[in-house]
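Geometric and topological summary
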Amino acid sequence: MEPSFRIVPGSAPKSASVNDTANSLGLHDTLQYGPRSIAAEIKTENALKDRLENWEETQDNLKLSMQRNLYGLHAPMRLLMERKIVSANPHMAGLPQSNLHLDILMGRDETIEPVDIFGGMEDAPPLNIHKDMEKKLNM
Amino acid sequence: MASVFSPPGFDFSNTLRNNFFAEKGVPLPKATSTGTTIVGCLFADGIVLGADTRATEGPIVADKNCEKIHYITDNIRCCGAGTAADTEFTTALISSNMELHSLSTGRKPRVVTAMTMLKQMLFRYQGHIGAALVLGGVDATGPHLFTIHPHGSTDKLPYVTMGSGSLAAMAVFESSWKPNMSREDALELVKTAIKAGIFNDLGSGSNVDACVITASHTEMLRNIEMPNERVQKERQYGFRRGTTAWKSEEIRSLVVSEEVTMLGAGDEMDTT
């Protein structure tokens with residue numbers, strides 16, 4: 001994200017892409033994911049969803065921008081580097097994982113958020129280990 | 001590369017379908033407010049919180065004796081008006097976070113901490129979490145009383161009311177509240193205010209709950225007054241045995257024949 005002093009996420013221009021559900025032919029994989037309409041996705045109002053999904057990132061961006069202005073580029077750069085090092089995950093994709101070191105760096109090791117309570121194994125979509133491993137190793 | 005940020009925790013996969021319905025003229029059902037009277041007031045030694053005990057589902061009373069005064073920490077309590085699930089969940093979440101925070105800082109929790117956590121969370125959800133709260137407690141800096149509205153705005157006042165019965169209760173407060181009241185006077189005032197809400201507002205009813213918080217001690221007075229006790233029914237409405245005569249009787253045994261076969265060598269333990 002570019003440096004900004006926004007506290008609240010702005011309304012980003014809508015975009016939807018077939019990349020996340022594409023099969024080997026490059027089109028949307030209806031057999032695996034069901035029907036999908038990109039036009040409908042662009043048209044729907046998702047104000048709350050966008051706000052919630054971008055909230056943490058916007059707040060984080062604010063802090064990093066201020067640190068850049070106060071201490072220089074090295075300050076946010078080191079923090080982002082530490083996060084990247086810690087997020088390198090050698091485990092199998094798709095299975096539930098917890099990254100305590102990342103939680104500590106992001107400052108959520110001593111808080112409980114709705115995501116810790118909801119979104120467990122009962123609500124998650126069925127496991128797609130092959131697909132997830134392919135995605136991970138192709139990176 | 002997976003995102004370092006935690007996901008919002010809520011599932012938005014139905015927004016496409018809901019938008020489609022809204023366009024076709026079938027709007028989302030509105031989450032109805034519970035209709036409540038909750039009050040809080042400052043007195044000489046601390047805070048008194050009060051609430052009624054009726055939970056409604058539209059025009060129907062869903063719970064005749066629900067608890068609206070939620071626990072945040074030992075010396076901080078929160079009354080909740082609005083959608084019952086939202087107030088329940090929000091106060092439980094903030095209570096857990098307050099405990100973790102106080103363990104981390106090593107200090108007794110403060111009311112402003114709870115207020116800041118609540119207002120930041122409610123602002124993030126833009127009012128979709130319908131929780132209107134009266135937060136009160138006594139901490140190391142003294143007694144504090146706050147209201148938090150569903151969109152995240154807060155007020156710090158010596159006496160507050162929220163919910164559909166707030167106007168009736170506020171009328172009582174405005175006429176009788178004085179600074180530095182005694183505990184008995186404050187409790188009497190809170191009970192009168194809640195009763196004003198119970199008798200004059202359809203959304204509030206049943207009994208009066210109160211909670212007195214002082215620097216040393218928190219006292220939860222559940223159902224301190226019950227002005228809506230149900231009277232005993234005047235007549236018996238049961239039927240005596242033999243009211244309905246039967247014409248014929250047939251008893252069939254469902255077990256035709258029964259045979260027990262022992263499986264294995266009996267119940268001896270296998271010690272090989």
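Residues numbered from 1 in each chain as written. Chains lettered and ligands numbered in written order. Predicted model: local features only at pLDDT ≥ 70, side-chain atom pairs only at ≥ 80, totals over all residues. Heavy atoms only, no water.

**Topic: the UniProt feature "coiled-coil region" (unreviewed entry) in chain A**
- As annotated in UniProt, the feature "coiled-coil region" (unreviewed entry) corresponds to residues 38-65 of chain A in the numbering used here.
- Secondary structure within residues 38-65 of chain A divides into 89% helix and 0% strand; the distance between the first and last C-alpha atoms comes to 34 Å. (UniProt positions renumbered as here; feature names shortened; annotations may be inferred. Helix = DSSP H or I, 4+ residues; strand = E, 2+ residues; numbered from the N terminus.)

**What about the sheet that holds strand 2 (residues 46-52) of chain B?**
All names here are of chain B.
- In space, the five strands of this open sheet follow the order 10-1-2-11-12, with antiparallel pairing throughout. The open sheet has two free edges, formed respectively by strand 10 (159-162) and strand 12 (218-225), since each of these has just one partner strand. Across the sheet, the axes of successive neighbouring strands diverge by a mean angle of 15°, strand direction being ignored.
- Sheet analysis places strand 11 (residues 208-214) next to strand 12, joined by five bridges and oriented antiparallel. (Pairing = 2+ DSSP bridges. Axes fitted to C-alpha atoms, helices over the stretch in contact; angles between N-to-C directions.)

**Remarks on the confidence of the model for chain B**
- Averaged over all residues, the pLDDT of chain B equals 91, while 96% of them reach at least 70.
- Across the assembled chains, the prediction reports ipTM 0.85 with pTM 0.84. (pLDDT = per-residue confidence, 0-100.)

**Let's talk about the pattern of salt bridges**
Residues and elements named next belong to chain B.
- With the rule as written, the count across this model stands at ten salt bridges over all chains.
- Residues aspartate 209 and arginine 222 are paired through a salt bridge, measuring 2.6 Å at the closest nitrogen-oxygen approach. Separated by 13 residues along the polypeptide, aspartate 209 in strand 11 and arginine 222 in strand 12 bring together distant segments of the chain.
- Take aspartate 209: its relative accessible area is 0%, and that puts it in the buried class.
- Each of Glu188, Lys191, Lys195 and Glu225 takes part in salt bridges that share partners, so that together they form one network. (Salt bridge = Lys/Arg side-chain N within 4 Å of Asp/Glu carboxyl O. Buried < 20%, exposed > 50% of the residue type's maximum accessible area, 1.4 Å probe, protein only.)

**Some thoughts on the side chain of B:Ser166**
- The residue B:Ser166 is located in helix 4 (residues 166-176) in this model.
- Judged by relative accessible area, B:Ser166 falls into the buried class, the value being 16%.

**A closer look at the interface of chain A and chain B**
- On the chain B side, the residues contacting the 30 residues of chain A number 24 residues.
- Each partner contributes to the roughly 2700 Å² buried at the junction of chain A and chain B, and carbon and sulfur atoms together form 70% of this total.
- At the boundary of chain A with chain B, the tally comes to zero salt bridges.
- Counting the contacts that link chain A with chain B gives eight residue pairs in polar contact (both at pLDDT 80 or more).
- Where the side of chain A that touches chain B is concerned, the elements lending two or more residues are helix 2 (38-43), helix 3 (47-71), helix 4 (74-87), helix 5 (100-106) and helix 6 (114-117) of chain A.
- Counting residues per element, the side of chain A that touches chain B draws most heavily on helix 3 of chain A, which supplies nine residues. (Contact = heavy atoms within 4.5 Å. Buried area = accessible area lost by both parts, 1.4 Å probe. Polar contact = N/O pair within 3.5 Å; in protein donor to acceptor, adjacent residues only side chain to side chain.)

**Considerations on the side chain of B:Asp209**
- Side-chain polar atoms of B:Asp209 contact the side chain of B:Arg222, separated by 2.6 Å.
- Once you skip the residues sitting within four places of it in the chain, B:Asp209 turns out to touch B:Leu49, B:Gly50, B:Ala51, B:Thr53, B:Cys66, B:Glu67, B:Ile69, B:Leu221, B:Arg222 and B:Asn223.

**Quick word on the packing of helix 4 of chain B against helix 5 (residues 183-200) of chain B**
All names here are of chain B.
- For the pair helix 4 and helix 5, interaxial distance at closest approach is 7 Å and the crossing angle is 145°. Like other packed secondary-structure pairs, helix 4 and helix 5 cross with a definite hand, here right-handed. In this structure, helix 4 uses Ala168, Ala169, Val172, Phe173 and Ser176 to contact helix 5, whose residues at the interface are Leu189, Val190, Thr192, Ala193, Ala196, Gly197 and Asn200. (Left-handed = near helix turned anticlockwise from the far one by under 90°.)

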